[in-house]
Amino acid sequence: GIGNVIDQCHPDIVLVHGDTTTSFAAALGAFYKQTRVGHVEAGLRTYNKYSPFPEEMNRVLTGRIADLHFAPTQKNADALCAEAITQNVYITGNTVIDAFASTVKADYAFKTQALQTLDYAKRIVLMTAHRRENLGEPLVNICKAVLTLCERHPDAHFVYPVHLNPAVQNTVREYLGNHPQISLIA
């Protein structure tokens, strides 16, 4: 479908963001239409094509297609350089951190009840774990690690927006549900 959009809109460049399969497919579609591609979040690498899966290969393949590479950090730019991608690489910062910094308000009131009642004088840890390579025993181990952190740091409170995947929900609720230092939220 991206080819049809390119035919209709005639963009100078297609910007893709991150490492999703959608980003890679859009980059590939633009390549087929000989349209330039800019990759936001370029250069992230684990050097294990199966972890995270399929994101690592989406990153690498998008990097080979892209004409402009917007790397969050110098380390990401260095990873591109190691792959002989040295032209049109720009260090831009992290889009998630930038978005966070531009939207934080001192007087913000959360809509979620669990977040309204937290004591923000304490340490708050926002966490997530939902990648498919973490399902099963790895997620159990993550949950056990969180419980250990709760024991070692009674002044910390963990906020975990739990993914809707039943394999995540069931494990997380079994191990972390009803713990006073943990808020499981939608």
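Residues numbered from 1 in each chain as written. Predicted model: local features only at pLDDT ≥ 70, side-chain atom pairs only at ≥ 80, totals over all residues. Heavy atoms only, no water.

(A) A look at the nonpolar core. Of all hydrophobic cores here, the largest spans 15 residues; its most connected members are Tyr160, Val172 and Leu176. Excluding anything up to four places from it in sequence, Tyr160 contacts Met127, Thr128, Ala129, Leu139, Val168, Val172, Leu176, Ser183, Leu184 and Ile185. Ile6, Val14, Ala26 and Ala27 belong to the second-largest nonpolar core, a separate cluster that totals ten residues. (Core = buried A, V, L, I, M, F, W, Y, C linked by side-chain atoms within 4.5 Å. Buried < 20%, exposed > 50% of the residue type's maximum accessible area, 1.4 Å probe, protein only. Contact = heavy atoms within 4.5 Å.)

(B) Inspection of the pairing of strand E2 (residues 36-40) at higher detail. Most of E2 is tucked away, with four of its five residues classed as buried. Pairing of strand E1 (residues 13-17) with E2, which is carried by five bridges, proceeds in the parallel orientation. Bridging from a neighbouring strand, Leu15 pairs with Gly38 of E2. For the segment spanning E1, helix H2 (residues 21-32) and E2, crossover handedness is right-handed. In this sheet, strand E3 (residues 68-71) lies alongside E2 in parallel orientation, the contact comprising three bridges. What sits directly across from Val40, in E3, is Phe70. Considered for its hand, the β-α-β crossover made up of E2, helix H3 (residues 55-65) and E3 is right-handed. (Helix = DSSP H or I, 4+ residues; strand = E, 2+ residues; numbered from the N terminus. Pairing = 2+ DSSP bridges. Right-handed = clockwise from strand over helix to strand, strands pointing away.)

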